[in-house]
Amino acid sequence: HAADPDPFVWTELADTYGATGTYGYEPYAVDDSFAPGACVPGIGYRYVNEENVGETDPDKPAALLYENGRNGLRLVAAEWIVKAESGVTRPTLFGQTFQGPENVPGPGSSYTLRAWLYKPNPDGLFSPTHPDVTCP
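The rules behind the values
Residues numbered from 1 in each chain as written. Predicted model: local features only at pLDDT ≥ 70, side-chain atom pairs only at ≥ 80, totals over all residues. Heavy atoms only, no water. Helix = DSSP H or I, 4+ residues; strand = E, 2+ residues; numbered from the N terminus. Rg over C-alpha atoms; globule rule 2.2 N^0.38 Å. Buried < 20%, exposed > 50% of the residue type's maximum accessible area, 1.4 Å probe, protein only. Contact = heavy atoms within 4.5 Å. Areas by Shrake-Rupley, 256 points an atom, 1.4 Å probe, with all protein chains shown as cover. Core = buried A, V, L, I, M, F, W, Y, C linked by side-chain atoms within 4.5 Å. Disulfide = S-S within 2.5 Å.

Right, let's get into the overall build of the protein. Per the secondary structure count, the protein includes 2 helices and 8 strands. Along the chain direction, N to C, the helices and strands of the protein fall in the order α-α-β-β-β-β-β-β-β-β. Over its C-alpha atoms the protein spans a radius of gyration of 14 Å, differing by no more than 12% from the 14 Å that the globule rule assigns to 136 residues. With respect to the three principal axes, the spread of C-alpha positions in the protein is 40 × 30 × 25 Å. Expressed as a percentage of the 136 residues in the protein, the buried residues total 43%. The long-range fraction of contacts in the protein, counting pairs at least 24 apart against all pairs at least 6 apart in sequence, stands at 48%. Entry remark: accessible area of the protein is about 6900 Å², with carbon and sulfur atoms responsible for 49%.

Shown next, in the form of structure tokens:
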């Protein structure tokens, strides 16, 4: 089991909860420029807001991750995406170093950080993937 983050992290994550809570209702995410993408096993459906790509602000995740739920899509995580361009150092947020680079549809080669705020992850809050997030 992954080590729990520093308790102070929850203070910053409270901002993320406040900024993303309404997106539990998926149409609100679409209304706010989060464009739906294909499902990726272990990550889910990635909805990217291009305006937030490059942000390391807890209030401005670049993507929201959804999975199939009983009543449509269910929000499981927030994700920050920073393009891995020449001269860009791997960012940190919440005391965590971003993972990657990986190829993200849209932004391309990017560093990513996921926070599984809405679906507890047995591999840890900031694990790159979730063992229980599957695609149909």
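What follows continues from the structure just given.
Within the largest apolar cluster, 14 residues are counted, with the highest numbers of intra-cluster contacts made by Leu 13, Trp 80, Phe 94, Phe 98 and Phe 126. For this core, the secondary-structure elements that each account for two or more residues are α1 (9-20), β4 (72-83) and β8 (108-115). Counting 8 residues, the second largest nonpolar core, distinct from the first, contains Phe 34, Tyr 47, Leu 64 and Leu 75.

Now for unusual backbone geometry. Of note, the bond from Gly 100 into Pro 101 is cis; its omega dihedral lies within 30 degrees of zero at 5°. Its identity as a non-glycine residue notwithstanding, Phe 94 has a phi of 60°, on the positive side. Mapped onto the fold, Phe 94 is located in the loop between β5 (92-93) and β6 (96-97).

Bringing the state of the cysteines into the picture now. Tallying each qualifying case throughout the model produces 1 disulfide. Put simply, Cys 39 and Cys 135 are joined by a disulfide, and their sulfur atoms are 2.1 Å apart. Its torsion about the S-S bond being -85°, the disulfide of Cys 39 and Cys 135 is classed as left-handed. With Cys 39 in strand β1 (residues 39-40) and Cys 135 in the segment after β8, this residue pair connects regions lying 96 residues apart in the sequence.

Taken by themselves, the reported measurements are silent on function.
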